[in-house]
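Now for the letters of each chain:
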Amino acid sequence: MSILAKANAKRLLRGLFIDEPGNIDLYAIAGCENIFIEEKALESCEGQFVFKNGLGIISVDAGLAESGQKRFTIAHELGHYFNSGKKENSFFCSGLDIRGIKQNISAEIDANDFAAELLMPEQWFCNFTKGKKFTKGVLSASAEYFNVSLSAAAMRYAEIGNHPVAIIMSKDSVVKWSRINEYFPFRFIRNGSKVTSSSYAYEFYNGENIALEPEKILADAWFWEDFNYKKDYFLYEQNIPMYRYNSVLTILWEE
Ligand SMILES: [Zn+2]
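A brief look at the structure comes next.

## Notes on unusual backbone geometry
In the Ramachandran plot, Ser 173 falls in the positive-phi region, its phi being about 60° despite a non-glycine side chain. Examined against the element boundaries, Ser 173 turns out to sit in the loop between strand E5 (165–171) and strand E6 (174–180). Here the phi dihedral of Asp 232 falls at roughly 55°; this positive angle occurs in a residue that is not glycine. The topology assignment puts Asp 232 in the loop between helix H10 (220–223) and strand E8 (234–242).

## A closer look at the sheet that holds strand E2 (residues 47–52)
Hydrogen bonds along the backbone pair up the strands of a sheet, which may run parallel or antiparallel. The strand order E1-E3-E2-E4 describes an open sheet built from 4 strands, whose pairing is mixed. Because the sheet does not close on itself, it has two edges, and the strands there are strand E1 (35–40) and strand E4 (89–93). The average undirected angle you get between the axes of adjacent strands in this sheet is 10°. Inspection of the sheet shows E2 paired to E4 by 5 bridges, in the antiparallel sense.

## Overview of the environment of Gly 22
Here Gly 22 lies in the loop between helix H1 (3–15) and helix H2 (26–32). Judged by local crowding, Gly 22 falls into the exposed class, with 10 C-beta atoms found within 10 Å. Taking the C-alpha atoms as reference points, Gly 22 and Trp 253, separated by 231 residues in sequence, lie 29 Å from one another.

What counts, and where the lines are drawn
- Residues numbered from 1 in each chain as written.
- Predicted model: local features only at pLDDT ≥ 70, side-chain atom pairs only at ≥ 80, totals over all residues.
- Helix = DSSP H or I, 4+ residues; strand = E, 2+ residues; numbered from the N terminus.
- Pairing = 2+ DSSP bridges.
- Axes fitted to C-alpha atoms, helices over the stretch in contact; angles between N-to-C directions.
- Buried ≥ 20, exposed ≤ 12 C-beta atoms within 10 Å, placed from the backbone.

Laid out in structure tokens, this is it:
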């Protein structure tokens with residue numbers, strides 16, 4: 001995570017005396033900076049930000065169905081503003097960037113890091129999940145409490161949660177990246193490898209209905225190349241499909 005982006009979000013929350021998730025009013029934060037937020041149909045991106053002559057406009061794609069996703073998009077665009085030192089600039093951000101499917105542009109990664117820290121501050125997130133074994137219920141409760149999408153909460157958990165969890169982003173049935181927390185028993189998934197037919201995520205790419213609840217799976221489905229490979233070792237697999245991008249965020253955790 002970008003230390004600077006995270007520090008920018010922390011400073012902003014501290015400066016506004018915001019002390020709980022329910023008080024994070026992105027419209028008010030933007031208004032204080034002379035930034036107007038609008039929802040409109042965007043064709044090639046999910047969010048955009050233009051800042052000129054001391055005035056800014058954040059546009060969010062009106063086609064986004066989920067309020068948590070809209071909120072993350074606004075926070076992402078605010079990230080561009082604060083991370084770039086409030087300079088005149090414009091950003092046109094694809095869903096691939098905002099949802100973290102693609103991770104190759106540092107300004108986009110930093111804007112996501114800012115948004116994650118602004119909407120799910122590390123200390124609050126740790127306090128909320130502390131002592132709770134990871135389950136789908138904990139994930140859903142976190143997403144609801146912080147008013148973000150399930151995928152944003154899952155990425156945050158894999159980063160700072162304290163239960164063994166791994167997340168894998170795949171697109172077009174190819175693994176794009178993975179994030180594995182330090183407590184997880186396996187470490188290695190090759191980027192660029194095909195999603196194997198023994199995983200549940202494969203069902204999505206095979207055009208089948210994907211289960212919305214966690215299912216037990218052999219570790220072989222994902223960690224067949226891992227140095228610590230163990231036979232007959234079971235994990236839970238939960239998938240969050242992103243139909244618009246033919247992508248799946250897979251979450252794996254120990255029984
Ligand atoms: Zn962006």
